[in-house]
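Coordinate analysis (summary)
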Amino acid sequence: METIDIIEATKAFVKSKLLGAEGGHDWFHIERVYKNTLLIAKHEAVNIKVVSLAALLHDIADPKFHNGDETIGPRVASEFLLKHDIDSEIIEHVTQIIENLSFKNSFDIDSNFTSKEMEVVQDADRLDAIGAIGIARCFNYGGFKNRALYNPKINPNLSMTKAEYKAAEAPTINHFYEKLLLLKDLMNTKSGKRIALERHKYMEDFLKQFYAEWEGKK
């Protein structure tokens, strides 16, 4: 199947699967990550078919919406690609990226899979978690889970295990310190790092304004 055909088929598949999804993890999130992937890939020596498919399928079944099951996403992606007669090596690479992409997997010291393609898609996904859209997504998910915006008595947990991270129910502001503000220093590519700097600064400015308003100083 030609690359352009499988990309369009994958877009249609993902749109249908994510119809009605939570606003921070819907088709538009996928589309932004896909665009970020192509932007970063311009400056990297990567297989465009692999990064495109991985970006489009990376959240096809996000574990947080499937009782924490991390096997569903890779399986759904693999089954879809098999139906379209995609080369087995590409399928394996794409599913490996999906399995290892998420921030929560950085807690796994035994996770040793890496590739330039994964670095590109990972950066693209992380960019959508920071900056203005990252802030919007963070609070959208917090509202979806009925979490408090902020509670000064509940401090961020900066030494969480993977299990604790997956089970966290802390106020939304805590997530900035437990994940979002950490992403700038975890970027893999030069392009990702450059874009992340500006988005990181935007979040820092937002937090300053948030606390000033919370304390009635502005």
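Right, let's walk through the structure included here. Predicted model only: the values in this text are computed from it and were never measured.

We now examine the overall build of the chain. When its secondary structure is counted, the chain shows 10 helices and zero strands. Helices and strands in the chain line up, N terminus first, as α-α-α-α-α-α-α-α-α-α. By the compact-globule yardstick of 17 Å for 218 residues, the chain fits well, its C-alpha radius of gyration being 18 Å. Its C-alpha atoms put the chain at 60 × 35 × 35 Å along the principal axes. A total of 218 residues make up the chain; the buried ones form 48% of that total. Considering only contacts within the chain whose residues lie at least 6 apart along the sequence, 69% involve residues at least 24 apart.

Formed by 57 residues in total, the largest nonpolar core has its most connected members in V14, L57, L81, V94 and F176. With seven residues, the top contributor of residues to this core is helix α3 (residues 48–57). Ignoring anything within four residues of it in the chain, the contact list for V14 reads W27, I30, L56, L57 and I60.

With the rule as written, the count across this model stands at seven salt bridges. Of the charged contacts, one joins E44 and K116 as a salt bridge, the two residues approaching to 3.6 Å between their closest N and O atoms. Here E44, found in the loop between α2 (27–41) and α3, pairs with K116, found in helix α6 (residues 116–127); they are 72 residues apart in sequence, far enough to count as distant. For K116, a relative accessible area of 33% corresponds to the partly exposed category. The salt bridge involving K184 is made with D185; its shortest N-O contact spans 2.9 Å. According to the relative accessible area criterion, K184 is partly exposed, its value standing at 21%. Here D185 falls in the exposed class, since its relative accessible area comes to 61%. Here the residues in one salt-bridge network are R32, D128 and R137, joined through shared partners.

Structurally, S115 is set in the loop between α5 (88–100) and α6. Side-chain polar atoms of S115 contact the side chain of H93, separated by 2.9 Å.

The rules behind these values
Residues numbered from 1 in each chain as written. Predicted model: local features only at pLDDT ≥ 70, side-chain atom pairs only at ≥ 80, totals over all residues. Heavy atoms only, no water. Helix = DSSP H or I, 4+ residues; strand = E, 2+ residues; numbered from the N terminus. Rg over C-alpha atoms; globule rule 2.2 N^0.38 Å. Buried < 20%, exposed > 50% of the residue type's maximum accessible area, 1.4 Å probe, protein only. Contact = heavy atoms within 4.5 Å. Core = buried A, V, L, I, M, F, W, Y, C linked by side-chain atoms within 4.5 Å. Salt bridge = Lys/Arg side-chain N within 4 Å of Asp/Glu carboxyl O. Polar contact = N/O pair within 3.5 Å; in protein donor to acceptor, adjacent residues only side chain to side chain.

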